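The lines below spell out each chain.
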Amino acid sequence: MAVVRNIDQIARVEGHGRLRLVQRQGRVIEARFELYESLRLFEALVVGRCFDEIPAIVCRICSICSTIHKVAALQTVEAALGVTVSPQTALLRQLAVQGGQIESHALHLFCLALPDYLDCGGLAGLARKIPHELTQGLAIKALGNQIQEQVGGRAIHPFNLLLGGMGTVPTRDRLQRLADDLRAAIAAAGASIALIAGLDGALPPLPVVPGCAVDCASSLVGTHLATTDGVRIGADDAYDWLDEQLTGTSTAKVSNFGGKGPYLVGPLARLNLNAPLEPAAKAAFRHHRSALIAASPAGSNLARTIELLQAVERAGRLIDELLQNGLHPEQPVSPQVASGSATVLCEAPRGLLLHQYRFDADGRCTAAQVVTPTAINQRALKLSLAALVDRLPAATADEFRLQAERLVRCFDPCISCAVH
Amino acid sequence: MKRPRLAIAGLSGCSGCQLALLNCEAELSLLLEQVECQFFPLAISPVELTGRYDLALVEGCCTSRHDTFLLRELRKRSSRLIALGTCAAWGGVAAMGNDRPRSRLRRQVYGNQPIPADGVPRPVSTVVTVDATVHGCPPEPAELLALLADLLHDTLPLQRSFPVCCDCRMRENLCLLQERGMLCLGLLTAGGCDARCPSLGVPCEGCRGPVPEANVTEALTIYRQKGFDAPTVLGRLRRFCPEWQYGSGA
Amino acid sequence: MTTSTTPLPARIKAIRQLSGDTSLFTLQLLKQSPTQQTTPARFQPGQFLQLSVAGVGEAPISYCGLPSVNGSIELCIRKAGRVTTALHSAVVGDGVAVRGPFGHGFPLEQYTGTNLLLVAGGLGMAPLRSLLLALLQRRSCFGALTLLYGAKAPDALLFRHELADLATRKDLSIRLAVDRAGACPPGIPSCSVALLPDLLEGLEIVPQRTAVPLCGPSAAYRSLIPPLLALGIPPERIHLSLERRMQCGTGVCGHCAVGTLLCCIDGPVFAYSALQAIEGAL
Amino acid sequence: MPSLLLPHADIKAWLDRLGTDGELHAPLRGRDGAVRFDVVQQGVIPDLQALRSLLPPKKYLLPPNDTVLRYTQADGYHLPLQATTRLILLGLHPCDLAAIAYLDRQFFGDQPDPIYAARRQRLTLIGSSCRPDAYCSCHLSPSPLPAACDLFLHQTATGFLLMPETPRGSAICQATADLLRDYEPKPPPSPRDHFGVAMPPPPQTELDPRLPDWQELANHCLGCGACSLACPTCSCFELLEFGGLDGRTAERLLRWDNCLFKGHAEVAGGHSFQKDRAQRFRYRYRHKYRGYGPLQGVPSCVGCGRCRVQCPAGLDLRPLAERLEKGAP
Ligand SMILES: Cc1cc2nc3c(=O)[nH]c(=O)nc-3n(C[C@H](O)[C@H](O)[C@H](O)COP(=O)(O)OP(=O)(O)OC[C@H]3O[C@@H](n4cnc5c(N)ncnc54)[C@H](O)[C@@H]3O)c2cc1C
Ligand code: SF4
Ligand code: SF4
Ligand code: SF4
């Protein structure tokens, strides 16, 4: 007789997800990760709202990813209404997104994932076991927040990023100070790569999942999807190709990738798809290449740490560029109200993010679609969990659970995003 | 001194209020020494409710059966329960669509596919008694830290009643509504954010919910004079709080 | 100068619970104030001090005992908000801080030779206890002394044991009333189920020779003053203590104005004649 | 004695010289077009024509958020360290000067407030004449307050007439004598002449709560606080205590409050002594036009017009005051 064991809420992930283990004769024969986040129905909430309200509403899908949601929505609305922002605004948005990337990755690595490898339950344990590394990690995380605060006006739900421009352009002094702090943080970010690489992953070998990422330069926004097995899809077709369906007991939809897949999205996929890297990150990537290229999702944390370094470097360079150009006060461009629609593809910390909106002649939203990385990753995660079941035939439920949670956290799921 | 026991839970929301706490990087280690954070699924495992709590912080609105269950359980176990953030206090963005049938919203997103049952998003105070409220989407880090300091001093935060305009004028900002004709909701919104948005030239979107005694009727007249019709303004007001008292403040 | 701004450290010397939500706190000043003339321990009954709990805030509290030379202060405090709740979870030995005294107390000098009718409602007993103790200290200077005191229920009567002792005195008449009967804790002098104004019935009062110090909630003032006036007590001899929101206690924060008077420095004890014409004074 | 004229052409040099004796603050026009008192950087010319700053100069004496006490376990409560840099406030109009005189009387009272006193002592006040607009009502202020300053600048077509009122003011004139010229024609008016006219002292009768005006004001008032925050003599404050996360330290903050806010007269348990806005308007009215406490009979409105300019609902107590204060009840 099969026995079902629920781990009602997995800790140290954003949102509400449970692990369901089916056991027979003491052996785990199936493992499922189910998302049971309550519905908020953002895609319906924005319908009927004026275009200028959309970004502030949808950025509330998730706090950890609020900056990229905000920027994605801004760019989609602008694309739909034919607005072009100044190069300065474009750079500032990129900078804010890098801030979000730093904050999100550092949060995951130093607060959520590390306890898995140090046999403790959270921050308090880390503070006892690796106080120095934790302090350094938190300092990097704080830097990400300071960037978002300086550029976005606030670390969570940035409001200073507006349709067509900026509320207030940050001052030279503040940016200069940030640039100095970022430069100083490169060493610490590099040290954390060594720390993560040195940790015993302990997960058994798992199958490699092909990756999918936005084919973009360093801006994190692009026009195509690309996969490691050679698929290329334009932004306009991406929503159909991703083909979201509701299955099983999760409240999040799952992507079908036009019948292919599953694909893994996120840091590992980005590195495997040759996302451009800054010098120190590039060197680190070369050094750890063998553990990253064609690696199983278990390699995600290492990839994430390299991206952390990348974001620290990139943010510094963006500030240099802004300062070189000189900062200018600017008025946001106001769009012409007209009907239109657009799809934007970008990279959130956890991977591919798609926003799509349609507006009527009064500028009211008539349809909205948001596809998030954690939703997309559900099939890859399912596959990995199944493989874990095969690889740990003798594990007791408790042992298995430990490994399963580790594996789940390698995906850094963000369940509010997934369900939205 | 015995360390106070703390529970931090998220219902339907974006985890922003909890993240706001984790974003207090500089204070985290001191905090961990001072309080025993026993239940905090976002950051601490394992997840289990045990014993009693001196303080429960609840983020998010109450939507699903699971939300209700967790909320009631926390209330039973906690000496004090705080509605943390605008979703918990007022319903927040998730409740924005409460003027439309829930089934219609669900169909818009999921078509006719079967999904688990859910409920209508509502403020925490409609389900359990709440001892104090911290406003904001997200709450201000300083207010969160003050709340925790109050916990250490065996007391609750003072509930104050001034609008964002008060913060804004104290910062000597030029009024965006009067001088720039922008749709700024600072007049009607609970203050305490130090006028974050207007100080950067961005009109207040009302993320902290209604200020006590908000004079919506008069505000609507003023907004109309500036060229914003009532449906537009009411739509904005409902972004964070679905139900406003419209009576004049007198 | 320091008395008006910097609270002086004190320690809780004793806590005695008086009712469900009210306790008597005895404080011991730890430092004399730099200017020797004023110390928070020397005051007129009816004056108040500002009591601070570090990290929580400050609240105005009436003196409830007698002035002392050794820096001991008695305060009777009800659990109501931030500061008072924190106090109620404090233990003997904990530190607090005080500044004062503030305001005008009861005009004791006017009372010499007069009959006194003290009327207290609820927590209003706190400042009136201070007054009563001061009057008893110099008992021979005053005429007939009567105390009327009303509370919600027998177990809400403050200073029950003291009242029982005092009730045995020949030179003081005490009448107690409770809104509703309830389990009568031991040691309570006889009390009737009645409203405070009912206690005035049958009292022998010589209106021209009587002063009435009053302290209680607004509702008590509204129900007591008309019958007192009807008995012929002149408005300038009805002395009542007003409660207002207070922040500074020194007449600058702008919170406690009653008409154009300030409760903290012109009061808190006012003659009714000064308040008669003021909107919302009671 | 002849008056002293500072020609327009020499203002810049004069200002630079002033700044050596302390930090110079004056009305500056920001990029947003608004006027604020702020520090004058070398070479910047303040806007001495500007009529009113957003916040009045009370922000220098009673900052909107100010730590007034600190607490540590070892030392108990103590006053925070005070900055001692000298500040020169330039360009104060007679109404703002009168307002400072009002605050002085309030905060020096019987027992000077030590923090206020320290702040006040470091100020040098330099007034300047102005041309009132339709929002100003200084000419209606029946105020006995002096528009006192150290030095007053009277604006003329050719420059500023300098009128020292205190030794500090004279010292400034002496130190900059080389930039000043004698000016003969006729003695300039005193600052007091710019401010206030004799009006009958306010009646001390009670305000009639039945006047429909109160309810009318209350219906339109948004309770935003703009009027009091902008008023140079509104000084209601609350004291807020914040404990430290270490559980051993605390600080007490003074923060501007407002008599039109719901919480202003609220006491524990939520009872309020000023329940509705109409009643609160009478409270404000009394303070502005009749004065309370030790300043009873001293109206505190100096007629700067800030409240009228900044009220989003355009409310104005002045017409009512004109009706009620002309001796009639
Ligand atoms: C002259 C005077 C004498 C008093 N004597 C006593 C007494 O002997 N015993 C007693 O138990 N209570 C007394 N009170 C009432 C007591 O001051 C309040 O219960 C207390 O301030 C509540 O403070 P809190 O911090 O606990 O409450 P909160 O509501 O949290 O108070 C917050 C702040 O509001 C102000 N405040 C709140 N309530 C009042 C109030 N009722 N009066 C004035 N300010 C208030 C205080 O400044 C306080 O710091 C007196 C009040 C006054 C004005
Ligand atoms: S800008 Fe907005 S918040 Fe500021 S005063 Fe004007 S209306 Fe109020
Ligand atoms: S200004 Fe308004 S929108 Fe901005 S933080 Fe404050 S309450 Fe929220
Ligand atoms: S009441 Fe108005 S006009 Fe009078 S001083 Fe205050 S802000 Fe100026």
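Note that the structure is a prediction, hence the values are computed from the model and not measured. (Residues numbered from 1 in each chain as written. Chains lettered and ligands numbered in written order. Predicted model: local features only at pLDDT ≥ 70, side-chain atom pairs only at ≥ 80, totals over all residues. Heavy atoms only, no water.)

Looking only at helices and strands, one finds 10 helices and 12 strands in chain D. Since a compact globule built from 329 residues should have a radius of gyration of about 20 Å, the 21 Å found for chain D is in line with a globular shape. C-alpha atoms of chain D, sized along the principal axes, occupy 65 × 60 × 40 Å. For chain D, the residues scored as buried account for 59% of the 329 residues in total. Long-range contacts, defined here as pairs at least 24 residues apart, represent 71% of the contacts in chain D between residues at least 6 apart. About 13200 Å² of surface is accessible on chain D, with carbon and sulfur atoms providing 55% of the total. Considering chain D, the positive charge centre built from 37 side chains and the negative charge centre built from 34 side chains are found 4 Å apart. (Helix = DSSP H or I, 4+ residues; strand = E, 2+ residues; numbered from the N terminus. Rg over C-alpha atoms; globule rule 2.2 N^0.38 Å. Buried < 20%, exposed > 50% of the residue type's maximum accessible area, 1.4 Å probe, protein only. Contact = heavy atoms within 4.5 Å. Areas by Shrake-Rupley, 256 points an atom, 1.4 Å probe, with all protein chains shown as cover. Lys, Arg positive; Asp, Glu negative; His and termini not counted. Charge placed at Lys NZ, Arg CZ, Asp CG, Glu CD.)

The next subject is the sheet that holds strand β14 (residues 365-371) of chain A. All names here are of chain A. One open sheet holds the 4 strands; their spatial order is β7-β12-β13-β14, and the pairing between them is antiparallel. Here the strands that pair on one side only, and so sit at the sheet edges, are β7 (221-222) and β14. Direction of pairing for β7 relative to strand β12 (residues 340-348): antiparallel, over a ladder of 2 bridges. From the neighbouring strand, V221 faces β12, where its bridge partner is C346. Helix α3 (residues 66-81) rests against β7, β12, β13 (351-359) and β14 of the sheet, and its axis sits at about 40 degrees to β13. Sheet contacts for helix α8 (residues 235-242): β12, β13 and β14; angle to β13, the most-contacted strand, approximately 110 degrees. (Pairing = 2+ DSSP bridges. Axes fitted to C-alpha atoms, helices over the stretch in contact; angles between N-to-C directions.)

Residue and element names in this part refer to chain D. By nearness alone, every residue bordering ligand 4 is listed as C231, P232, R284, K288, C301, V302, G303, C304, G305, C307 and R308. When residues of the shell around ligand 4 are traced back to their parent elements, those giving at least two are α8 (277-289) and α9 (306-310). Here the residues of the shell around ligand 4 are counted per class, giving 6 nonpolar, 2 polar and 3 charged. (Near = heavy atom within 4 Å. Nonpolar A, V, L, I, M, F, W, Y, C, P; charged D, E, K, R; others polar.)

Attention now moves to the interface of chain A and chain B. Each side of the interface is counted separately: chain A has 59 residues, and chain B has 54 residues. Interface area, chain A with chain B, both sides summed: about 4900 Å², of which 60% is carbon and sulfur. Between A:E53 and B:R236 there is a salt bridge whose closest N-O contact spans 3.6 Å. Summed over the shared surface of chain A and chain B, the number is 32 residue pairs in polar contact (both at pLDDT 80 or more). If you list the elements that add at least two residues to the side of chain A that touches chain B, you get α1 (42-45), α2 (54-58), α4 (87-113), α5 (123-129), α6 (131-152) and α16 (415-419) of chain A. Per element, the largest residue contribution to the side of chain A that touches chain B is 5 residues, and it comes from α6(A). Class assignment of the residues belonging to the side of chain A that touches chain B gives a composition of 28 nonpolar, 17 polar and 14 charged. (Buried area = accessible area lost by both parts, 1.4 Å probe. Salt bridge = Lys/Arg side-chain N within 4 Å of Asp/Glu carboxyl O. Polar contact = N/O pair within 3.5 Å; in protein donor to acceptor, adjacent residues only side chain to side chain.)

Moving on: the sheet that holds strand β10 (residues 181-183) of chain D. Residue and element names in this part refer to chain D. Strand order in this open sheet of 8 strands is β3-β2-β6-β7-β8-β9-β1-β10, and the pairing throughout is mixed. Only two strands of the sheet have a single neighbouring strand rather than two, namely β3 (35-39) and β10. Across the sheet, the mean angle from the axis of one strand to that of its neighbour is 30 degrees, orientation sign disregarded. Here strand β1 (residues 3-7) pairs with strand β9 (residues 159-164) via 4 bridges, running antiparallel. Each bridged residue has a counterpart across the sheet, and for L6 the counterpart in β9 is F160.

Further remarks concern the interface of chain C and chain D. Contacts between the two partners involve 38 residues from chain C and, on the opposite side, 43 residues from chain D. Summed over both partners, the interface of chain C with chain D buries about 3100 Å², with 55% contributed by carbon and sulfur atoms. A per-residue breakdown of the area chain C buries against chain D is headed by C:V252, C:T260 and C:E279, which together make up 21% of the total. A salt bridge links C:E279 to D:R286, with the shortest nitrogen-to-oxygen separation between them at 3.5 Å. Where chain C meets chain D, there are 23 residue pairs in polar contact (both at pLDDT 80 or more). Among the secondary structure elements, those contributing two or more residues to the side of chain C that touches chain D are β3 (48-53), β4 (57-62), β14 (261-262) and α6 (263-266) of chain C.

Around ligand 3, the surrounding shell consists of A:R154, B:V164, B:T189, B:C193, B:R196, B:C197, B:P198, B:C204, B:E205, B:G206, B:C207 and B:R208. More than one chain reaches ligand 3: the nearby residues come from chains A and B. Per-element accounting of the shell around ligand 3 gives the leading share, 3 residues, to helix α9 (residues 196-199) of chain B. Here the shell around ligand 3 is built from residues that sort into 6 nonpolar, 2 polar and 4 charged.

This brings us to the domain arrangement of chain D. Interfaces are often sized by the amount of accessible area the parts lose when they come together. Residue and element names in this part refer to chain D. Under the domain assignment used here, chain D contains domain 1 (3-56 + 80-194) and domain 2 (212-242 + 259-324). Taken over C-alpha atoms, the centre of domain 1 sits 27 Å from the centre of domain 2. Counting residues at the interface gives 24 residues for domain 1, matched by 23 residues for domain 2. Counting the surface domain 1 buries against domain 2, the share from its top three residues, R52, Y102 and Y135, is 28%. At the junction of domain 1 with domain 2, the criterion picks out 1 salt bridge. (Domains from an automatic or database assignment.)

Turning our attention to the pattern of salt bridges. Residues and elements named next belong to chain A. In the structure shown here, the tally under the stated rule is 68 salt bridges over all chains. Here R32 ties to E34 by a salt bridge, and the two come within 3.3 Å at their closest N and O atoms. Its relative accessible area of 32% is what places R32 among the partly exposed residues. The exposure class of E34 is buried, given its relative accessible area of 2%. Between D229 and K260 there is a salt bridge, with the nearest N and O atoms lying 3.9 Å from each other. Here D229 is found in the loop between β8 (224-227) and β9 (232-234), whereas its partner K260 is found in the loop between β11 (254-255) and α9 (267-272), with 31 residues between them in sequence. D229 sits in the partly exposed class, given a relative accessible area of 39%.

A few words now on the pairing of strand β9 (residues 173-178) of chain C. All names here are of chain C. Both strand β8 (residues 145-151) and β9 contribute to a ladder of 6 bridges, which runs parallel. Opposite G150, over in β9, you have A177 as the bridge partner. You can see the chain leave β8, run along helix α4 (residues 160-167) and come back into β9, and the turn it takes is right-handed. Two elements, β9 and strand β10 (residues 191-193), share 3 bridges in a ladder whose sense is parallel. Looking at the pairing, V178 lines up with V193 of β10. (Right-handed = clockwise from strand over helix to strand, strands pointing away.)

With that settled, the discussion passes to the packing of helix α7 (residues 172-198) of chain A against helix α12 (residues 300-325) of chain A. Residue and element names in this part refer to chain A. As a packed pair, α7 and α12 sit with axes 9 Å apart at the nearest point and diverge in direction by 160 degrees. In this view, α7 runs roughly antiparallel relative to α12, as classed from their interaxial angle. In the packing of α7 onto α12, the handedness of the crossing is left-handed. Of the residues assigned to the contact of α7 with α12, the class counts are 19 nonpolar, 6 polar and 4 charged. (Parallel < 35°, antiparallel > 145°, perpendicular 65-115°, else oblique. Left-handed = near helix turned anticlockwise from the far one by under 90°.)

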